[in-house]
Amino acid sequence: MTRKRDRIWTAIIATRQWFNKLFTSEADALVDNFSNNPPPDIGTQPYSGDDNEKDE
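Residues numbered from 1 in each chain as written. Predicted model: local features only at pLDDT ≥ 70, side-chain atom pairs only at ≥ 80, totals over all residues. Heavy atoms only, no water.

A. Representation of the overall build of the protein in the model. Per the secondary structure count, the protein includes one helix and zero strands. Counting all 56 residues of the protein, 0% fall into the buried class. If you sum the accessible surface of the protein, you get close to 6100 Å²; carbon and sulfur atoms cover 55% of it. (Helix = DSSP H or I, 4+ residues; strand = E, 2+ residues; numbered from the N terminus. Buried < 20%, exposed > 50% of the residue type's maximum accessible area, 1.4 Å probe, protein only. Areas by Shrake-Rupley, 256 points an atom, 1.4 Å probe, with all protein chains shown as cover.)

Here's what the structure looks like:
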């Protein structure tokens, strides 16, 4: 009985830690706004008009 209870508590603690890590990283991503890792500057992209739907 104790072994089963230990497994349940291990699963509960692991799940809690996983959710805590997930929500912390998501909150950091919302607040951070690329301050330490800005997106690349790709500039404007030309539009060729080709939408890859041939024979339609």
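B. Up close: the packing of aromatic side chains. For the coordinates displayed, the defined rule picks out two aromatic pairs. Arranged with centres 4.9 Å apart and planes meeting at 85°, the rings of W18 and F19 form a pair that is edge-to-face. Accessibility expressed as a relative area gives 51% for W18, which makes it exposed. Ring geometry for F19 and F23: centres 5.9 Å apart, planes at 20°, overall stacked. (Phe/Tyr/Trp six-rings, centres within 6.5 Å; stacked < 30°, edge-to-face > 60°.)

C. Summary view of a nonpolar patch on the surface. A contiguous nonpolar patch, built from I8, W9, I12 and I13 and spanning about 400 Å² of accessible area, is present on the exposed surface. Along the polypeptide, I13 turns up in helix α1 (residues 2-32). On the accessibility criterion, I13 (43% relative accessible area) is partly exposed. (Patch = residues over 30% accessible without salt bridge, like charges linked within 9 Å, V, L, I, M, F, W, Y side chains within 5 Å. Salt bridge = Lys/Arg side-chain N within 4 Å of Asp/Glu carboxyl O.)

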